[in-house]
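# Inside the fold
What follows is each chain in one-letter form.
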Amino acid sequence: MAFDKDAIIASLKDATILDLADLVSAIEEEFDVSAAAPVAAAGAADGGAAEKTDFDVELTSAGTAKVKVIKAVREATGLGLKEAKDLVDNAPSIVKEGLDEAAANELKETLEATGASVALK
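One structure accompanies this document, and this report is about it. A quick note: this is a predicted structure, and the numbers were derived from the prediction, not measured.

This part is about the overall build of the protein chain. A count of helical and extended segments in the protein chain gives six helices and three strands. In sequence order, the secondary structure elements of the protein chain are arranged as α-α-α-β-α-α-β-α-β. The contacts in the protein chain between residues at least 6 apart in sequence include a share of 65% that link residues at least 24 apart. Accessible surface, the protein chain: about 8,800 Å² in total, of which carbon and sulfur atoms supply 55%.

Quick look at the structure:
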């Protein structure tokens, strides 16, 4: 039996999405492969871009418990009450800059625990 590429393509054009999904599953099982795109290969395609080491913690929203967020910002930054309140009132605003990943994630978790919305940049 000869391999007929054109016949296969014609069959695929007439197939439903469910038929194609079943085909992918069958091919994965038969040849012990995965149709999922490898994540590591996508990262390597960046040309070896440097991994980000400094993070800024941005308060995007104070949420409903603004007083708790102000207290957490004061504790994390050492700002006075007025400065911390201004920072929270003017969200989105940067709470701290240039933190390592662990410290940035810790601050993010602390602020989110008070009801704030936080983003790392």
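A few words now on the nonpolar core. Counting residues in hydrophobic clusters, the biggest one holds 18 residues, and the most contacted among them are Val57, Leu59, Val73, Val88 and Leu111. Every element with two or more residues in this core is listed here: β1 (55-61), α4 (66-77), α5 (81-89), β2 (93-99) and α6 (101-113). Among the elements that make up this core, the one with the highest residue count is α4 (four residues). Once residues lying within four places of it in the same chain are set aside, the contact partners of Leu111 are Val57, Ala72, Val73, Val95, Ala116 and Val118.

Following the sequence through the fold, Thr114 ends up in the loop between α6 and β3 (117-120). A distance of 2.5 Å separates a polar side-chain atom of Thr114 from the backbone oxygen of Leu111. If we ignore the near neighbours within four places in the chain, the residues touching Thr114 are Ala65, Lys68, Val69 and Ala72.

Criteria and cut-off values
- Residues numbered from 1 in each chain as written.
- Predicted model: local features only at pLDDT ≥ 70, side-chain atom pairs only at ≥ 80, totals over all residues.
- Heavy atoms only, no water.
- Helix = DSSP H or I, 4+ residues; strand = E, 2+ residues; numbered from the N terminus.
- Contact = heavy atoms within 4.5 Å.
- Areas by Shrake-Rupley, 256 points an atom, 1.4 Å probe, with all protein chains shown as cover.
- Core = buried A, V, L, I, M, F, W, Y, C linked by side-chain atoms within 4.5 Å.
- Buried < 20%, exposed > 50% of the residue type's maximum accessible area, 1.4 Å probe, protein only.
- Polar contact = N/O pair within 3.5 Å; in protein donor to acceptor, adjacent residues only side chain to side chain.

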